[in-house]
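A closer look at the structure
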Amino acid sequence: MGMGGISIWQLLIVLVIVLLLFGTKKLRNLGTDLGGAVKGFRSTMKDGANAEEPKEAEAETESGQESLAESAEDADSDKENAKV
């Protein structure tokens, strides 16, 4: 007995019937289309994961730049206060 009570001979008979109904060209095109869809899905998932990481890095960089700008303004105001 094979998978789930289906023998290997029954699977071969089903495979032959599918080949006769659809032909090898249609099955090949179906496999190509399915493979392209899976590849596109994977690349989209990678791009989505990569797109989130730079946003977080940009937020950290912007907050760092703001704090540098604030400290520079504070230093300038301290110099002005010292002159007066």
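Anything mentioned here points back to the structure above.
Figured I'd write up the structure that's included with this text.

What counts, and at which threshold
- Residues numbered from 1 in each chain as written.
- Predicted model: local features only at pLDDT ≥ 70, side-chain atom pairs only at ≥ 80, totals over all residues.
- Heavy atoms only, no water.
- Helix = DSSP H or I, 4+ residues; strand = E, 2+ residues; numbered from the N terminus.
- Buried < 20%, exposed > 50% of the residue type's maximum accessible area, 1.4 Å probe, protein only.
- Areas by Shrake-Rupley, 256 points an atom, 1.4 Å probe, with all protein chains shown as cover.
- Patch = residues over 30% accessible without salt bridge, like charges linked within 9 Å, V, L, I, M, F, W, Y side chains within 5 Å.
- Salt bridge = Lys/Arg side-chain N within 4 Å of Asp/Glu carboxyl O.

Scanning the protein chain for helices and strands turns up one helix and zero strands. Burial statistics for the protein chain: of 84 residues in total, 0% are counted as buried. As presented, the protein chain carries roughly 7,700 Å² of accessible surface, and 62% of it is formed by carbon and sulfur atoms.

Quick look at a nonpolar patch on the surface now. Nonpolar side chains collect at one region of the surface, where Ile6, Ile8, Trp9, Leu11, Leu12, Leu15 and Leu19 lie side by side and expose about 670 Å² of accessible area between them. Inspection of the secondary structure assignment puts leucine 15 in helix H1 (residues 8–83). In this structure leucine 15 comes out as partly exposed when scored by relative accessible area, which is 45%.

Function cannot be inferred from these measures alone, as they are strictly geometric.
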